[in-house]
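Okay, here's what each chain looks like letter by letter:
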Amino acid sequence: MSFVITTPLYYVNDKPHLGSIYTTLICDTISRYKRLLGEDVIFITGVDEHGLKIQRTAKEKGVEPQIHCDHISNIFRSCWNDWDISFDKYIRTSSRNHESIVYEFYRRVKNSDDIYMGVQKGWYCVGCEEFKDNPENSSTYKCPIHQKNLEWKNEENLFFRLSKYQSQIEKIINDPTFIEPKERRNEILNFVSKGLKDFSISRTNVSWGIPVPNIEKHTFYVWFDALLGYISALSSDNNNNLSLEKSINEAWPADIHFIGKDILRFHAVYWPAMLISAGMKVPKKVFGHGFLTREGNKMGKSLGNVLDPNLLLSKYGKDPVRWFLIKDISLGNDGDFQDKRFVDIINNDLANTIGNLLNRTSSMSRKWFDNKVPNIDKICFENKLASLSVITVNDYIKNLNNYKLDLAANNILNFAINTNLYLNDKQPWILIKDESKIAIVEEIIYNVLESTRIIGLLLIPILPELSSKIDEQLGSIYKDDKPWCEQLKWGRLKTNTQLPKPKPIIEKLEYE
Ligand code: MSP
């Protein structure tokens, strides 16, 4: 069975920003981790191209929506390539394949008698592509997320009978493993407890959408169409005979949908009900992460503080940004990107703690032991670092299995800090002066190099680039035929391995 993980399908009204990078990096880290465990992973990402928001953006730019979508979709794809995102499927909702899946799905839902024509009245946020609850409580009639005026809609739409699924949805969300984190789950429990209302799934004023069969002027509501992208992605490489059944057999249901907290309702309530109606399984988990802010402020074009991923990439490189976003933000909580804090964390954790540990130990080993890993007679399994490595690996695995990425990153960092302390405590540079202590020094240096080997291996899913630099500095030893989990065991560093001349694995950053 494959492990299916998804990012949201990003709106193509604009190019990627740090928020989109954030979710994608998280999914990339988890995908890399699962692959290391030997699992078959299907990592899905892509773009959400229909709807009023995109239609208007294209109009403002004076181009046809499809041309606009082609352009931005390419930007997203090449951004993911630049960031070395290991996605397996990239879905575009304006593709023909996707359209045929939407039709098939619609037929199923219709056959379940879950579609009817009704009148939709309400206040709509085009930014969210969503009707807002009780805006009459708001004196401003503005969307709290986009800070833009809501628009009044009153039109004939097709509706989906969400209310019919009240008890089934309650059952699903009552399972504590379905929605994470806990606080987000409570929001949804509260929302559902008020009673589910049917929602409209077609529009009459939006030409940029998938036409509803046999109903003139109606296109599918962008969310009804977009959520199905997760399914059509599964058979997107299969150009012939594409069918819903094929996609389902390929790997449905998804193991986890990673999304921002603002779109949890769609994924944890509307989507499962749509799937049940179509006779399909519901995703196993929906994880709603927090929002990123910049120096304490919401990021926005009007505020001029949007972090452009391209700029970050050229200024700092991939791994520092990955480290900051993964290690400094507890998944689920909001996180703030502060330049000073970013530079301090990278310099402390990666340059001073991990980089320096490797650099100085490899230099000592080269100097004292003929450019090699010391040739100790017997690997010592009973020492502080060996025991700590076992605890670190166990905690790290447990944390990654529970999507506690920040804790897993901190497990690695703490191991590196303790390895530095061990080195400072043992002071091999003093012992080496005494001929009779050479064997002790050999053992100390071996132990520290062995710890850095394990640190590098643990870093593979989080910082793939830095980890391969650690590997290079240790004499390119990670290409082992043993599975990764086996390689994490203490004592696999071969004595006498040639150590190349040390180069800093990461440059210190300057705070401007
Ligand atoms: N197109 C829909 C998703 C459809 S999924 C079938 C959508 N797109 S979006 O581009 O507006 O948002 C994509 C994701 O980015 C959402 O999960 C949203 O929460 C996330 N983020 C947008 N701004 C963000 C931050 N500032 N910080 C973190 N994530 C943020 O919604």
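Below is a short write-up of the structure. (Residues numbered from 1 in each chain as written. Predicted model: local features only at pLDDT ≥ 70, side-chain atom pairs only at ≥ 80, totals over all residues. Heavy atoms only, no water.)

1. Thoughts on the sheet that holds strand β6 (residues 151-160)
Ordered in space as β5-β4-β6-β8, the 4 strands form an open sheet in which the pairing is antiparallel. The sheet is open, and its two borders are formed by β5 (130-131) and β8 (199-200), each paired with just one other strand. Pairing between strand β4 (residues 115-125) and β6: 10 bridges, direction antiparallel. Of the residues in β6, the one forming a bridge with Val-119 is Glu-156. Packing against the sheet, helix α10 (residues 264-277) makes contact with β5, β6 and β8, and its axis sits at approximately 30° to β6. (Pairing = 2+ DSSP bridges. Helix = DSSP H or I, 4+ residues; strand = E, 2+ residues; numbered from the N terminus. Contact = heavy atoms within 4.5 Å. Axes fitted to C-alpha atoms, helices over the stretch in contact; angles between N-to-C directions.)

2. Digging into the site of the ligand
Not every one of the 20 residues close to the ligand is listed here, only the nearest: Leu-9, Asp-48, Gly-260, Asp-262 and Leu-292. The backbone of Leu-9 places a nitrogen or oxygen atom 2.8 Å from a nitrogen atom of the ligand. In this structure, Leu-292 approaches the ligand through a main-chain N or O atom, which is 2.8 Å from a nitrogen atom. Taking 670 Å² as the accessible area of the ligand by itself, protein coverage stands at 90%. Looking at the shell around the ligand, the elements with two or more residues in it are β1 (3-11), α7 (222-227) and β11 (256-260). (Near = heavy atom within 4 Å. Polar contact = N/O pair within 3.5 Å; in protein donor to acceptor, adjacent residues only side chain to side chain. Areas by Shrake-Rupley, 256 points an atom, 1.4 Å probe, with all protein chains shown as cover.)

3. Topic: helix α4 (residues 96-111)
Since one α-helical turn is 3.6 residues long, residues separated by three or four positions face the same way. Between the first and last C-alpha of α4 there are 23 Å, a value that for 16 residues agrees with the 22 Å anticipated at 1.5 Å per step. Turning to α4, its buried residues are Asn-97, His-98, Ile-101, Val-102, Phe-105, Tyr-106 and Val-109. Asp-113, located one to two residues past α4, shows a positive phi value of around 60°. (Expected span 1.5 Å × (residues − 1). Buried < 20%, exposed > 50% of the residue type's maximum accessible area, 1.4 Å probe, protein only.)

4. Considering the pairing of β4
Relative to β5, β4 runs antiparallel, the two being bridged by 2 bridges. Each bridged residue has a counterpart across the sheet, and for Cys-125 the counterpart in β5 is Glu-130.

5. Let's talk about the sheet that holds strand β14 (residues 297-298)
Within a sheet, neighbouring strands are paired by backbone hydrogen bonds and run either parallel or antiparallel to one another. Strand order in the open sheet formed by 3 strands is β14-β13-β15, and the pairing between neighbours is mixed. The open sheet has two edge strands, β14 and β15 (335-337), and neither has a second partner. Examined bridge by bridge, strand β13 (residues 292-294) and β14 share 2 bridges and lie antiparallel to one another. Along β14, the bridge assignment pairs Arg-294 with Asn-297.

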